[in-house]
Amino acid sequence: MTNPPTPPAEDRDAIELTRPLREPAALGLLAANGLFLLFGIVDLLITTRAWAGDFGNRAAATYETFAGLLAIVLPLLAVLLATHLRPVAVRAKLITVTALVEYAVSAFFGGLTYIAAFATDMSRVGGPGLGQVFENLVRRSVWGGLFAMAAYVVFRVWQGRYAPPRTPRPPRGYYGTPTPYPPQSGGTYAPGYAQPGGQPRPASTGWPQVPPPPAPTHPFSAPPQQPAPPQQPAPPQQPVAPQQPVAPQQPSATDQPTVPVQPQGPVQPVLPPVPERSEPAGPTITENPQNQG
């Protein structure tokens, strides 16, 4: 069995030659930056004389250790070597998280030394002039801006690839909003279909539904009504005796059939009465009593 021929050295890809070294190189860059940060913290905080009086000068001297060229480039280059070349390094997540931690430490001590150095420049009586103070402020601000850009790039890589997913919050129930309840009859209803109450059931979100808060009571409102006591069960009824059949009634005289009335002849019209004639009365003759004798 013969081995395949090895291609000449000038035909091999340089990426294949350096691929096994990417992860150790990234870890070495992070280790070097961590040592520089440790030395800067020791120089800033640990001293044997004039700790408070000389703090501003130490802050101005160590500012670039926390926000200078090495503090910006080394973590960023380590993350790019581990995540932006294919295939991604096995310890890419560890390298990214370590770079973020180093950037956080640099941001804290860099901001502290930035403020302390600026305050020291402004408080000096016979120190540098206004032009020198402004130049130092601008230089430190530029380094701070470059540092913020590099830290944001590393943060975006961590957020897009290694950040844990966010858990959605359950919806809150507010006063006046309907809260779905399970059906009382024991049946289930599909989301979006009408329930016995006439309201469609909302889609399930996987979270327990929170009932709405109780309605606020007015101080002068009527007290809540007490629930009615449970009704006592009615006593069992006695059996009713069967009724006797009713005898049929005899037909009465009024129930006899009526005889139809025979039609009569034509009705004679009624004439009005004839008025009586009265004779005119003649002259009355009065007899003289003397003539009668």
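Preceding this paragraph is the structure being described.
The structure reproduced in this document is the subject of the present report. (Residues numbered from 1 in each chain as written. Predicted model: local features only at pLDDT ≥ 70, side-chain atom pairs only at ≥ 80, totals over all residues. Heavy atoms only, no water.)

**Looking at unusual backbone geometry**
Next up, step 1: For the bond from R86 to P87, the omega torsion is -5°, close enough to zero to count as cis.
Next up, step 2: Take P87: it is sitting in the loop between α4 (69-83) and α5 (92-123). (Helix = DSSP H or I, 4+ residues; strand = E, 2+ residues; numbered from the N terminus.)

**Here we look at helix α6 (residues 130-161)**
Next up, step 1: Given a rise of 1.5 Å per residue, 32 residues ought to cover 46 Å, and the 47 Å separating the end C-alpha atoms of α6 matches this to within 8%.
Next up, step 2: For α6, the set of buried residues is V133, N136, R140, F147, A150, A151, V154 and V157.
Next up, step 3: Its buried side turned inward, α6 meets α3 (55-67), α4 and α5. (Expected span 1.5 Å × (residues − 1). Buried < 20%, exposed > 50% of the residue type's maximum accessible area, 1.4 Å probe, protein only. Contact = heavy atoms within 4.5 Å.)

**Topic: the packing of α5 against α6**
Next up, step 1: Contact pair α5 / α6: the axes reach a minimum separation of 10 Å and the direction vectors enclose 165°. As far as their axial angle goes, α6 and α5 are roughly antiparallel. For the pair α5 and α6, the crossing hand works out as left-handed. Contacts from T96, V97, A99, L100, Y103, S106, A107, Y114, A117, F118, D121 and M122 of α5 reach α6 at V133, N136, L137, R140, S141, F147, A150, A151, V154, F155, V157 and W158. (Axes fitted to C-alpha atoms, helices over the stretch in contact; angles between N-to-C directions. Parallel < 35°, antiparallel > 145°, perpendicular 65-115°, else oblique. Left-handed = near helix turned anticlockwise from the far one by under 90°.)

**Thoughts on the pattern of salt bridges**
Next up, step 1: The final tally for this structure, using the stated rule, is two salt bridges.
Next up, step 2: Notably, a salt bridge pairs R91 with E23, separated by 3.3 Å at the nearest N-O pair. Of this pair, R91 sits in the loop between α4 and α5 while E23 sits in helix α2 (residues 22-45), placing them 68 residues apart in sequence.
Next up, step 3: Assessed through its relative accessible area of 44%, R91 is described here as partly exposed.
Next up, step 4: In this structure E23 comes out as buried when scored by relative accessible area, which is 17%.
Next up, step 5: Between R140 and D121 there is a salt bridge, and its shortest N-O distance comes to 3.5 Å. Placement of R140 in helix α6 and of D121 in helix α5 is noted, with a sequence separation of 19 residues between them. (Salt bridge = Lys/Arg side-chain N within 4 Å of Asp/Glu carboxyl O.)

**A short note on the environment of Q159**
Next up, step 1: Tracing the backbone shows Q159 in helix α6.
Next up, step 2: A polar side-chain atom of Q159 sits 3.3 Å from a polar atom in the side chain of R156. (Polar contact = N/O pair within 3.5 Å; in protein donor to acceptor, adjacent residues only side chain to side chain.)

Honestly, that's just the spatial picture; any functional story needs more than this.
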